[in-house]
Structure formats: C-alpha cells, structure tokens
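Architecture and fold: a report
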Amino acid sequence: MPELTYLEAIRAALHDEMEIDDRVFVMGEDVGRQGGAFGATKELQQRFGELRSIDTPVAESGIVGVAVGAAMSGQRPVAEMQFADFVSCAFDQLITCAAKMHYRIGWAVPMVVRCPNGGGVGGGPYHSENVEAWFHHHAGLKIVCPATAVDAYGLLRSAIRDPNPVVFCEHKFLYRRVKQDVATGPRDGQLVPLGKAAVVREGTDLSIITYASTVQLSLAVADSLAAQDVSAEVVDLRTLVPFDRETVLASVRKTGKALIVHEDNLTGGFGGEVAAVIAQDAFEHLDAPVRRVAALDTPIPFAPPLEREYLPLESDILSAAADLAAY
Amino acid sequence: MSTPARNIAAVPEPAPAPRVSDEEALDLYYWMVLTRATEERALNLYRQGKLPGSYYTGRGQEAISVGMATPLRKGPDGDWLSPWIRDLGSYLVHGVPVWRMFAQFMGKAGSTTRGKDGNLHIGGREWNIPCQVSHMADMIPLTVGAALAYKQRGEDRVAVTSFGDGATSRGDFHEGLNIAAVLEVPAVFVAENNRWAYTTPISKQTKVTDLYKKALGYGIPAVEVDGNDVLAVYSAMVEAVAQCRAGRGPRFIECKTYRMAGHAAHDKYESYMPMELLAEWSDKDPLKRLEQSLLEERSIADGRLEKIRERVKDEVHEAVERADADGYADPAEAHQGVFAESADA
C-alpha cells in the first residue's frame, strides 16, 4: 500500500477513475499540460490525451456550465477551480443549472467541481476561502470535505461515481502536510461512501464535531485533554451534504456535550446547522450549551500574524473544549 | 514600426441554399401553424385566468423556432436542442407533444416538469432537450458541454441553443462562445435578434447590434439571415449542422427579426414600443410570407394549406382538452427529486 500525501491521493483517485471509466475527464485552467496549479492532475493529459484532460480558458462559469452539459450528455466531468475562491464566478451555473436540473426534469447531472479550499497558506483574501457554506444552503448539491489522504482518495472516487453534482472541497493546507497509506488501484482502490461521518477518536466526556483541516487540530486537542483526564470524542463529518445526523446525535447523546469546530467563519457556517440539529434532537442529553469554534467573520487577511488571528487555532479549540469539559 | 492590422476572421461566403422540396416546405408550414395556434390558444387561456404565472409569446419568431429545429435528429440519441423562451416551435418540432406544452403552462402532472417549473422551462432526456432556466445565456455553456461530449466520443451529433439579443450581454454568452471556439466543438448558436430585451431596445443593450460580429470576434464562422424567412433560417441551419457534423467546429447564425408583443403577456408594451415599427414588421410576418411563397411561387393549392390549418385546429383542441383533464401532481411531489438515485434517472 503506497504512502501518499492528500494531494497525491486526489491525483490517484482521478487517475484510477479515468482508468476504469472512459467517460471521466478533467477540465480547468492549466490542468492539462501543467497538471494544475498544485499538480492534482499531473500527467493525466500525457496518459489520457487532450480530450480527457482539457486546458480551458480562464472562465469559471463557462467551465462549470460546460461540465453540466457534458454530464447531462453521458460524460463524468471533474472540473477544477484553480482556487476554491474562484467558484464565486461559477456560482450561478452551480445553483441555477446543476443543482435544479434533476429536480425539474429528472435528468441527472453527475459531475464534480473540485475546489482547493481553505487558509493557512498565506493566500490572502482571494486564495484562502472556505466555500462549503455558500453551497450548503441550496438544495441539490452534495458537499464533500475530506480530512485525510484515505478519505480524499475514497471520497473523490465516490463523488465521481455519484449521479449528482458534487462540490468537492479539498483543503489545500493538507495537500502536502497529511500523509497516509492509501489503498489505490483502478479496481482495488478503497472507496469511501458519501454521507457517512467517522468517529475518528472515541471518548466519553465531550464530542468535538468537525471536518477538513480542523480534524487534525481536534485530534491534537483530544490528546491534550486526555492528559487532563478528559475523554474527548472526535467526529469527522467528511461530507456536509448528505449530513450524517445519526452519527453526530449518537455521539452527543453519549457525551452530553458538543463542541463544533470548523475553519470556515462562524456566521452562517455549517456549524450553525449542526448546532440546530443537536439542540432539537439531543436536547435532553445535553449537559452544557453547544459551543462553536470557527474563524473570524471577516475576509481572510494575508500577513501571517493577521491570518493566525483569523483562523481557529489548536489553542482556541483546546480552551473552548476545556471550558466545556468543566461546565 | 507597428504590426500591420490583420483580418483574422471574415464572414464566410454564404453556401448555396439547399433546395427545399414542396413537401419539406409544407412540413415547415405545418409546424409554424401549430406553433402559432398553440401560442394563441395559450394566450387566451392566460387571459381567461386559466394559466398561473405569466405567458411569454414568440409571435413573429416562428420561422426561427421551426427552421432551426427541423434539420436536427430527434430522440434521446439525437441532437441536443436548448431553445429559449420565444421558441415554442422548437419544442414541438423536436418531439414534445402539444398537450404536454399546455399541461406545462397549467402546471399539471403531465407537464415535463410534473408541475415543478412553468412556461417554456420544458425538457427531458427522451427528446434530448435540457430544461432551460430563466437566467439569460446560462444554456450556452451547457450546450458547449453537450457538444464536447459528442466530440469526446466521436459521435457526429450536434448541440444547438438559441437566445435573444439581451443574452449577448451576459458573461456566459462570451465564456461559452470562447470555449466552444477554442475546443472546436460541434455547437450551433442561434441568436434571435428581435431588437428588444423586455423594455430595453438593442441600442441600449450593445454598440454592436449585428450580433454575428460578436461571434466572429471569437473566431466562430457566423452568418446573418432574415429571421422571418423560414426557408432562409432552415437553409442556414442545414449548412451549419453539416459543418458541425463534419467536425469543423462551432457555427453561429444571427436571425434578424422583431418582437411582435411585450416581453410577456403582462407587459404593457404599447407604452414603449413604436407602433409604426410593429406595423411594418407585421407586414413581414413569417407565416404570411411562407403562405405566399407556397401559393404563388410553388403554386400549391390553397386547399392543402386549409387542410393543414384544420388539422392543427383539431390537434390544439384535443391537446387543451387533455391537459385540462389532467390533474396536478400530488403535493408529495414537491419533496421528490432533489437528488438523483442513479445517473440514468
């Protein structure tokens, strides 16, 4: 089993799906010859040719619209936004065409829009955005946010096979910082189903519910808490749509305390929805108010000290968790 | 020394018009009469308060909606056709039964959207018609995507979409045309220049009021035709589709026409559209012109045309009755279909 970075796992997933399904192709800015700004589509054009690894003009709305039409016409497009931030240009195509087509006429739109998401890389206000909540509000789009290399691989393959439009939020801070043994291979690769959260650490005193870049931070916090005899459970949501309510509720019913953590900013973030579900369906089990840790409600600043101020850090999560444990 | 200017794209010589047989011309006549009769009936129903929402007519643009759809292959494995709001005739020619059009206007279960969307937001895999959206120009990139799929699989199918002059102001028009040109996909773009976008005249929409010039700017061969002459539209379409099937990349046809009513039935267009222009264009009515050509140039007996008109009358009558008798979808339908269970569904 090869040890792959999160980024290599994404590339392997694209490669393996393209290998077994001629309908799968990648398209986007610089994805072909160059293999993408980050290398996620590296050498796919050399392997599969220019019709299946397509360099496009700089036109995100056009790219996503073309993907919708190709998906409706029997292909399985994987469109890359060079940075997740640029999906704002394609918002209309995702919301207006991709998300509503099946509801209106029962015609499936099996496509993936890959969005290199998130901060922590000194990208500033236009290369650091977390975009998942923009799309969560609208019915008809699946949203995937992997935290590990194994999940990046397995969830991307499942997303490509899914008959619906999927916004795949891959966290670029994790690209080269997370490494894992990943079972790859066109036929033998390990898929991860959409809609299933993972309890990545079991505990009894409080539940930390999180996804993407803050999963690793939450696990580190759980280690620190263990040293103080506090047993924290960590739930990695993995996909926001479909949302695995049952796993979240089971965890909170067990621990009686919930801390929701995400890198996206607080207001209107996915954590608000998680909090509402817990408040409604696990109220009797709660021993403390639901807490949230998230980024500031500001654009994402560039300079490292400012960006650190913006992002939820391990210390922020630890202090909120410790407060909650003591409540 | 400066680089001399270079003509990078020019209007291609118009291809010789294919000979349209009398039978083909009569077929075009049937579809145009059916289109107009369907719209007139729907407008009456709207005025009687029997249609929810509003009603959008394409009166005066039937030559385009019928002419552009006629050369296309029909069915799920045929050509992709994404018509805009003025092109009711395209839906009919491409296979949607008349009664389902009325069911759609009424919001009935028999509509192609099961009552989930209205007016000409009609579509389905069985006809290879995607369901258009209200946002102008959005269907242009989708059409490029369908054409790309055909090219990737080496199929000689084409993807066609139509839109009005207003849509050429949106980004998706430009992004879609540009991508189509660069990827050299078999897509035909039909611009219906009816001079109005709701209340805004084309002079306030764009400085380049010959829309085909915009396509030339993207390196797409483009022609302009008289949009009120169905034989001209049909001939241009036959040629464009042949070029696409032969793998020569996208084509653009501008059909010059005029919007003969308001944006929608609720629009008081008398307050802003010059009445003398309407009268002038009324003389160029595409149905009248085809009729004249059939009777005078082709010496077809009026009885044959009368028979077609009678047949259409019956068809529309039956269609309205069937749609009227149809029920609404169960309210439970509102919950269904957000996500597909399989890609075939």
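Residues numbered from 1 in each chain as written. Chains lettered and ligands numbered in written order. Predicted model: local features only at pLDDT ≥ 70, side-chain atom pairs only at ≥ 80, totals over all residues.

**Some points on the overall build of chain B**
The number of helices and strands found in chain B is 11 helices and 7 strands. The C-alpha atoms of chain B give a radius of gyration of 20 Å, which matches the 20 Å a tight globule of 345 residues would have. Taking the principal axes of the C-alpha coordinates as reference, chain B spans close to 75 × 55 × 40 Å. Within chain B, the proportion of its 345 residues that are buried is 51%. Here the analysis covers contacts within chain B between residues at least 6 apart in sequence; of these, 74% occur between residues at least 24 apart. (Helix = DSSP H or I, 4+ residues; strand = E, 2+ residues; numbered from the N terminus. Rg over C-alpha atoms; globule rule 2.2 N^0.38 Å. Buried ≥ 20, exposed ≤ 12 C-beta atoms within 10 Å, placed from the backbone. Contact = placed C-beta atoms within 7 Å.)

**Here we look at the interface of chain A and chain B**
Facing 34 residues of chain A, the contacting portion of chain B comprises 37 residues. Elements that contribute at least two residues to the side of chain A that touches chain B include exactly helix 3 (60–72), helix 4 (91–98) and helix 5 (101–105) of chain A. A total of 9 residues in the side of chain A that touches chain B trace back to one element, the largest contributor, which is helix 3 of chain A. Taken together, the residues of the side of chain A that touches chain B break down into 18 nonpolar, 14 polar and 2 charged. (Nonpolar A, V, L, I, M, F, W, Y, C, P; charged D, E, K, R; others polar.)

**So, the sheet that holds strand 4 (residues 76–80) of chain A**
Paired through backbone hydrogen bonds, the strands of a sheet run either parallel or antiparallel to each other. All names here are of chain A. Taken in spatial order, the 7 strands line up as 3-2-4-5-7-6-12 in an open sheet, and their pairing is mixed. Of all strands in the sheet, those bounded by a partner on one side alone are strand 3 (53–55) and strand 12 (239–241). Sheet twist, expressed as the average angle between the axes of neighbouring strands with direction ignored, equals 20°. (Pairing = 2+ DSSP bridges. Axes fitted to C-alpha atoms, helices over the stretch in contact; angles between N-to-C directions.)

**Some remarks on the pairing of strand 2 (residues 24–28) of chain A**
Two faces belong to every sheet, and in a regular strand the side chains alternate between them. Residue and element names in this part refer to chain A. Burial analysis of strand 2 places 5 of its 5 residues in the buried class, the great majority of the element. Pairing of strand 2 with strand 4, which is carried by 5 bridges, proceeds in the parallel orientation. Paired with Phe25 across the two strands is Pro77, which belongs to strand 4.

**Considering the nonpolar core**
Counting 211 residues, the largest nonpolar core has Val113(A), Ala321(A), Phe102(B) and Val233(B) as the members making the most contacts within it. Of the residues forming this core, the biggest block, 10 residues, is contributed by helix 8 (residues 230–245) of chain B. In this structure, this core is formed jointly by two domains, domain 1 (3–181) and domain 2 (198–326) of chain A, each of which donates at least three residues. If we ignore the near neighbours within four places in the chain, the residues touching Val233(B) are Ala63(B), Ile64(B), Gly67(B), Met68(B), Val225(B), Gly227(B) and Cys255(B). (Core = buried A, V, L, I, M, F, W, Y, C linked by C-beta atoms within 7 Å. Domains from an automatic or database assignment.)

**What about the sheet that holds strand 14 (residues 291–295) of chain A?**
Residues and elements named next belong to chain A. Strand order in the open sheet made by the 5 strands is 9-11-10-13-14, with mixed pairing throughout. If you trace the sheet from one side to the other, it starts and ends with strand 9 (198–201) and strand 14, each paired once. Strand-to-strand twist across the sheet, computed as the mean angle between neighbouring axes with direction ignored, equals 25°. As defined by bridge partners, strand 9 adjoins strand 11 (residues 232–236) across 3 bridges and the pair is classed as antiparallel. Within the sheet, the bridge partner assigned to Ala198 lies in strand 11 and is Asp236.

**Here we look at the packing of helix 9 (residues 245–255) of chain A against helix 10 (residues 270–281) of chain A**
All names here are of chain A. The N-to-C vectors of helix 9 and helix 10 enclose an angle of 60°; their axes lie 10 Å apart at closest approach. As the angle between them shows, helix 9 and helix 10 are arranged oblique. Classified by chirality, the crossing of helix 10 by helix 9 is right-handed. Between helix 9 and helix 10, the residues in contact are Arg245, Val248, Leu249 and Val252 and Val274, Val277, Ile278 and Asp281, respectively. Broken down by class, the residue content of the contact of helix 9 with helix 10 amounts to 6 nonpolar, no polar and 2 charged. (Parallel < 35°, antiparallel > 145°, perpendicular 65-115°, else oblique. Left-handed = near helix turned anticlockwise from the far one by under 90°.)

**Thoughts on the domain arrangement of chain A**
All names here are of chain A. When cut into domains, chain A gives domain 1 (3–181) and domain 2 (198–326). Here the C-alpha centre of domain 2 lies 26 Å away from the C-alpha centre of domain 1. With 25 residues of domain 1 at the interface, the matching set in domain 2 holds 22 residues. Looking at the side of domain 1 that touches domain 2, the elements that each hand over two or more residues are helix 6 (132–136), strand 6 (142–144), helix 7 (149–161) and strand 7 (165–171). Across the side of domain 1 that touches domain 2, the residue classes break down as 12 nonpolar, 9 polar and 4 charged.

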